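If you want the building blocks of each chain, they are given just below.
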Amino acid sequence: MITFAGAGPGAADLITVRGQRLLQEADIVVYAGSLVNPELLSFCRDSCQVYNSAKMTLEEVMEVLERGEAEGKRVVRLHTGDPCLYGAIKEQMDRLDEKGIAYEVCPGVSSFCGAAAALEAEYTLPGVSQSVVITRMAGRTPVPERESIRSFAAHQATMVIFLSAGMLRQLSEELIQGGYAPGTPAAVVYKATWPEEKVLRCTVETLAETAEAEGVRKTALIVVGEILQGEYERSKLYDPSFTTEFRQAAEQLREQQDER
Ligand code: SAH
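Cut-offs and rules
Residues numbered from 1 in each chain as written. Predicted model: local features only at pLDDT ≥ 70, side-chain atom pairs only at ≥ 80, totals over all residues. Heavy atoms only, no water. Core = buried A, V, L, I, M, F, W, Y, C linked by side-chain atoms within 4.5 Å. Buried < 20%, exposed > 50% of the residue type's maximum accessible area, 1.4 Å probe, protein only. Helix = DSSP H or I, 4+ residues; strand = E, 2+ residues; numbered from the N terminus. Contact = heavy atoms within 4.5 Å. Disulfide = S-S within 2.5 Å. Arc of directions from axis to C-beta. Near = heavy atom within 4 Å. Polar contact = N/O pair within 3.5 Å; in protein donor to acceptor, adjacent residues only side chain to side chain. Areas by Shrake-Rupley, 256 points an atom, 1.4 Å probe, with all protein chains shown as cover. Nonpolar A, V, L, I, M, F, W, Y, C, P; charged D, E, K, R; others polar. Patch = residues over 30% accessible without salt bridge, like charges linked within 9 Å, V, L, I, M, F, W, Y side chains within 5 Å. Salt bridge = Lys/Arg side-chain N within 4 Å of Asp/Glu carboxyl O. Lys, Arg positive; Asp, Glu negative; His and termini not counted. Charge placed at Lys NZ, Arg CZ, Asp CG, Glu CD.

**Points about the nonpolar core**
Counting residues in hydrophobic clusters, the biggest one holds 24 residues, and the most contacted among them are Leu171, Leu175, Leu207 and Val224. Put simply, the parts of the chain that give this core at least two residues each are helix H5 (149-153), strand E7 (158-162), helix H6 (168-178), strand E8 (185-190), strand E9 (198-203), helix H7 (207-213) and strand E10 (220-224). With residues up to four places along the chain from it excluded, the contact list for Leu171 reads Met137, Ile149, Ile161, Leu207 and Ile222. Ala7, Ala12, Tyr31 and Cys44 belong to the second-largest nonpolar core, a separate cluster that totals 18 residues.

**Observations concerning the state of the cysteines**
Counting across every chain of the model gives zero disulfides. Not engaged in a disulfide, the cysteine Cys44 finds its nearest cysteine sulfur in Cys48; these two sulfurs lie 4.2 Å apart. By relative accessible area, which is 10% here, Cys44 ends up buried. The structure places no disulfide on Cys106, whose sulfur is separated from the nearest cysteine sulfur, that of Cys84, by 12 Å.

**Details of H6**
Residues of H6 that are buried: Leu168, Leu171, Ser172, Glu174, Leu175 and Gly178. Here the buried residues of H6 occupy an arc of 165 degrees about the axis, which is enough to place them on one side. Packing partners of the buried residues in H6 comprise H5, E7, H7 and E10.

**Considering the site of the ligand**
Near the ligand lie 18 residues; those nearest to it are Leu85, Ser110, Ser111, Ala192 and Ala220. Between Pro9 and the ligand, the recorded distance is 2.8 Å, taken from a backbone N or O atom to a nitrogen atom. Separating a nitrogen atom of the ligand from a backbone N or O atom of Asp82 is a distance of 2.8 Å. For the ligand, the accessible surface in isolation is 550 Å², of which the surrounding protein chains cover 94%. Classifying every residue of the shell around the ligand by side-chain character gives 11 nonpolar, five polar and two charged.

**Overview of a negative patch on the surface**
Side chains of Glu59, Glu60, Glu63 and Glu91 sit close together on the surface and give a patch of like negative charge. Tallying contributions element by element places helix H2 (residues 58-70) first for the negative patch, with three residues.

**Some words on unusual backbone geometry**
A negative phi angle is the norm for most residues apart from glycine, just as the trans form is the norm for most peptide bonds. Positive phi, close to 50 degrees, is recorded for Ala88, a residue that is not glycine. Relative to the helices and strands, Ala88 is located in the loop between strand E4 (75-79) and helix H3 (90-98). Here the phi dihedral of Thr219 falls at roughly 50 degrees; this positive angle occurs in a residue that is not glycine. Among the secondary structure elements, Thr219 is positioned in the loop between H7 and E10.

Purely geometric numbers; function is a separate question.
In structure tokens form, the structure reads like this:
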């Protein structure tokens, strides 16, 4: 059996219980060495064969996965964060489909969640933003023009920008051209949940200088939006005057009691 598993954002104890069990039982592990915490490999048995995919091509990875499957081994393909974001898992799954090899996916805690925890932030605040745009600047992988940072910035929703820590001047320009005020709160979160985590709060305009001052060039997320500071409306969910499926509003309860 082949399982694509999320390793979590960094801290070794932020893998899921299921992910940890998969590592403990694995005969073969292929891990994304550029970002997966190597401490996670200590969950593997001594006999487990471990491969670092940072040094391999897709073809080489597939060969290891397919050989493991043919030998009846338990194979784990370990991706950073959650595999569904920038994980390049689809091309692996498609090749397995072509060969009729079954697989499963075990989710993980994405780094955008790790960054929110580091910031002690809620990405969706009532009256401020109810949406989160997860995107990136174009790099070697192009981004379709209709998904430009400028076009998303026009929504003024919370944005979490992956894979762009090396392009912060351009990112600032695009965010501002798109409609964010230069003073909009922003943050650079470097290696969220790792021991060397850095949380750098700044504004849209000062992203590049803030990261440069701390020597941050990669493994960072950029968070942008008014949710990082300022006003919001209290939630309806926990409002005493609001009835939910699980709780009746205080006012309604009183009325009912009066009627009785
Ligand atoms: N699947 C991963 C993302 C892989 S793309 C996930 O769900 O998190 C790699 C990019 O993710 C990095 O360039 C960086 O922008 C971001 N990243 C991954 N781990 C991070 C962390 N611990 N802190 C901040 N950014 C991180």
